[in-house]
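Reading the structure
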Amino acid sequence: MLLGFGVVAVVVLVAAGGVLGYGWYRFNQIGQEDLALAESLGGPQNFLIVGSDSRDVVADGDADADAFLNEAGADQTGQRADTIMIARVDPQATTIDLLSFPRDLWIPIMPSGENQRINTAYTGNGPQALIDTLQADFGIEINHYVEINFKSFKGIVDAVGGVPMFFDSPMRDEHTGLYQYELGCVNLNGEQGLAFARARHLEYKDDRDRWASDPTGDLGRINRQQVLMRAMIDRSQDRFGSLDVKAINDIVSSTADNLTVDSELTVGDMIDLARAFKGFSGDQIVTHALPVTPYMTNGGASVLRLDETLAEETLNVFRGLPPGTVSPDSVTVAVSNGSGAEMQATTVSRALAAMGYEASVTADASTRSARTVVRHAPGLERQADLVARQVASGAVLEEDESLEGAAAPVVLVTGTDFTTVLPEARPPADPATTSPSTTVVDGRVTAATSDAADDPEEMTGIEGVAPPPAPEGADCR
């Protein structure tokens, strides 16, 4: 869960800190997986980070065994991807962007293409199916793969001396074994750190000193994991900045037997990362939230669906695309025949669908038009512009408030000037425009919300309940 920088950088420090022989010996004990990954050409790299929920490493006699082996509603057999993150690491710019995927996100799972929760991708066909799913559904290339289990996570937290956090309210989760009642600066050990990171049924004391539930579930848990990661990175830098050989040996020993990486990830790669990110702090990580809304499947399952239009700007970060880039598969467009040419709307719709648009046919225009027009809901100027640039004759853009909330919020109305759809859209007039749909605050990116955000049940970019930053004067390092 903390792997994006923590484990990789710590293993690198073993090599970079003058104990290369031991680091190499332990590195060779790490599990390696041969995977089909995107080639890394020396620029920014995407690390897929998976936290496995396998109980195979939990023994009956472990102090927190009940929290795993007797967890209500948990599948005790096999393993799933309990936590899924992508860390985009740019050594040249010294930046790390982090994106977490809610485990209940309802998407097509490769290789079948059948809609399921994203965390099931790993279950049937292992990490390659998850990698292929992320590539197919989100257009994100994966350059490296890292997987950690419960035991290794606990070992990392203990090896760095615990993770200090500031609690302004007691918190608990009886499903994971989190019982944190002490207030102020608290140093979480491996057991409580893991329980905190896994908490999806969090309770906290409200203003009336009564236990209240955090209703955000997995979305709130994602935010808590990111808070924990920042604190973890700061602690690891404090501990390893002085090249404490014993601490480094402890953390490598705690991870090697319960860690899996792709076979292309070498000690040399990690040494380069360590050098590039020396002195990096948790506050420098930029975390991103996917805009999602609750959805009930035909089978009655409560899941989450991605708002692809609002997600575009966030996904572009991990695709390596400039801000403001819009891809066809994020545009839902209906085609209306405004020229009178026979079957034109159907022909154009099929052509757009073949290019990746979610295209359909709508009613013919009530009157013929000389000029092709792209009507769009407020806020979808870029999506409408892409469609207009796909039309050989060009098109006039018109904002239409009546399309807000429509199944197809973009409508292409062909005119008598329409000739054909281009195989590739013309370049945009201003490709470097900044998106109004995301906001960065203290290194955290919150996705824009749709109209449904007025309803707490329909919010996107939910943060949930989490410990706040330590107040001024409180030393939580």
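Structure shown above.
Presented here is an overview of the structure given in this document. (Residues numbered from 1 in each chain as written. Predicted model: local features only at pLDDT ≥ 70, side-chain atom pairs only at ≥ 80, totals over all residues. Heavy atoms only, no water.)

Brief notes about the side chain of T372
- Relative to the helices and strands, T372 resides in the loop between β19 (358-361) and β20 (373-376).
- One polar contact links the side chain of T372 to the main-chain amide nitrogen of G415, over a distance of 3.0 Å.
- Reaching out from T372, the side chain makes a polar contact with the side chain of D417 at a distance of 2.8 Å.
- Leave out the neighbours within four places in its chain, and T372 touches S393, G394, A395, V396, L412, V413, T414, G415, D417 and F418. (Helix = DSSP H or I, 4+ residues; strand = E, 2+ residues; numbered from the N terminus. Polar contact = N/O pair within 3.5 Å; in protein donor to acceptor, adjacent residues only side chain to side chain. Contact = heavy atoms within 4.5 Å.)

A short note on the pattern of salt bridges
- Overall, the coordinates contain 10 salt bridges when judged by the stated rule.
- With a closest N to O distance of 3.0 Å, R221 and D218 form a salt bridge. One end of the pair is R221 and the other is D218, both in helix α7 (residues 217-240) and three residues apart, which spans about a single turn.
- Overall, R221 belongs to the buried group, its relative accessible area being 2%.
- Residue classification places D218 among the buried positions, given a relative accessible area of 8%. (Salt bridge = Lys/Arg side-chain N within 4 Å of Asp/Glu carboxyl O. Buried < 20%, exposed > 50% of the residue type's maximum accessible area, 1.4 Å probe, protein only.)

Considerations on the nonpolar core
- Core analysis: the largest hydrophobic core is formed by 42 residues, its most contacted members being F47, M165, F196 and L228.
- With six residues, α7 is the single largest residue contributor to this core.
- Residues L48, F138, I140 and L290 belong to the second largest nonpolar core, which totals 28 residues. (Core = buried A, V, L, I, M, F, W, Y, C linked by side-chain atoms within 4.5 Å.)

Concerning the state of the cysteines
- Taken as a whole and assessed by the stated rule, the structure comprises one disulfide.
- Note on cysteine connectivity: C185 is disulfide-linked to C476, with sulfurs 1.9 Å apart. Taking the sign of the S-S torsion, about -90° here, the bridge from C185 to C476 comes out left-handed. Linking C185 in strand β11 (residues 184-188) with C476 in the segment after β24 (444-447), this pair joins segments that are 291 residues apart in sequence.
- In this structure C185 comes out as partly exposed when scored by relative accessible area, which is 33%.
- Note on C476: relative accessible area 13%, which makes it buried. (Disulfide = S-S within 2.5 Å.)

A short note on unusual backbone geometry
- A cis amide bond, omega 10°, links M110 with the succeeding residue P111.
- On the secondary structure map, P111 appears in the loop between β5 (106-109) and β6 (114-117).
- Non-glycine residue D209 carries a positive phi angle of around 60°.
- Relative to the elements of secondary structure, D209 occurs in the loop between β12 (203-205) and β13 (211-213).
- Despite not being glycine, M343 has its phi angle at roughly 60°, a positive value.
- By the element assignment, M343 lies in the loop between β18 (332-336) and α11 (344-354).

Digging into the packing of helix α5 (residues 150-159) against helix α6 (residues 190-198)
- Running from amino to carboxyl end, α5 crosses α6 at an angle of 125°, the nearest separation of the two axes being 8 Å. Judged by the angle between their axes, α5 and α6 are oblique. As for how α5 packs across α6, the hand of that crossing is right-handed. Along the contact surface, α5 presents F150, F153, K154, V157 and D158, while α6 presents G190, E191, G193, L194, A197 and R198.
- By residue class, the composition of the contact of α5 with α6 is five nonpolar, two polar and four charged. (Axes fitted to C-alpha atoms, helices over the stretch in contact; angles between N-to-C directions. Parallel < 35°, antiparallel > 145°, perpendicular 65-115°, else oblique. Left-handed = near helix turned anticlockwise from the far one by under 90°. Nonpolar A, V, L, I, M, F, W, Y, C, P; charged D, E, K, R; others polar.)

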